[in-house]
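# Observations on the three-dimensional arrangement
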Amino acid sequence: MAIAETGSLSRGAQKVGRSYRHAWGYLRRAESVLGIPLLTVRHGKGMSRGTGLTEAAFALMDTLSHD
């Protein structure tokens, strides 16, 4: 959720006390295991660039939060 709140993988990782490299690797492994994309990358400059979560990621978080 920190990625959605900050709009950035780097700032989201920092917010939860992880390194960017750790967060990137963790999410890529999760995507590989689950077989679905979890991140969207917005290319560009300034505030228009960043990282977001896919609808599948939000659905997964919603499912896990109800257990």
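Refer to the preceding data block for the structure.
Rules used in this analysis
Residues numbered from 1 in each chain as written. Predicted model: local features only at pLDDT ≥ 70, side-chain atom pairs only at ≥ 80, totals over all residues. Heavy atoms only, no water. 1 Å grid on protein atoms, 1.4 Å probe; cavity = no way out; pocket = protein on both sides within 12 Å on 5 of 7 lines; lining within 4 Å. Points joined across faces, edges and corners; volume = space filled by probe spheres on them. Helix = DSSP H or I, 4+ residues; strand = E, 2+ residues; numbered from the N terminus. Salt bridge = Lys/Arg side-chain N within 4 Å of Asp/Glu carboxyl O. Buried < 20%, exposed > 50% of the residue type's maximum accessible area, 1.4 Å probe, protein only.

### A short note on the layout of surface pockets
- Put simply, the largest pocket is a space of about 460 Å³.
- Every residue lining the largest pocket is counted, 20 residues in all, and those nearest its centre are Met 1, Ile 3, Tyr 26, Leu 27 and Met 61.
- Mapped by element, the contributors of at least two residues to the lining of the largest pocket are α1 (2-6), α2 (9-15), α3 (20-34) and α4 (55-65).

### Describing the pattern of salt bridges
- Going through the model one piece at a time under the given rule, you end up with two salt bridges.
- Across the salt bridge formed by Glu 5 and Lys 15, the nearest N and O atoms sit 2.4 Å from each other. Of this pair, Glu 5 sits in helix α1 while Lys 15 sits in helix α2; the two residues are ten residues apart in sequence, bridging distant segments of the chain.
- Residue Glu 31 pairs with Arg 28 through a salt bridge whose shortest N-O separation is 2.2 Å. Remark: Arg 28 and Glu 31 occur in helix α3; sequence separation between them is three residues, near one turn of the helix.
- For Glu 31, a relative accessible area of 10% translates into the label buried.

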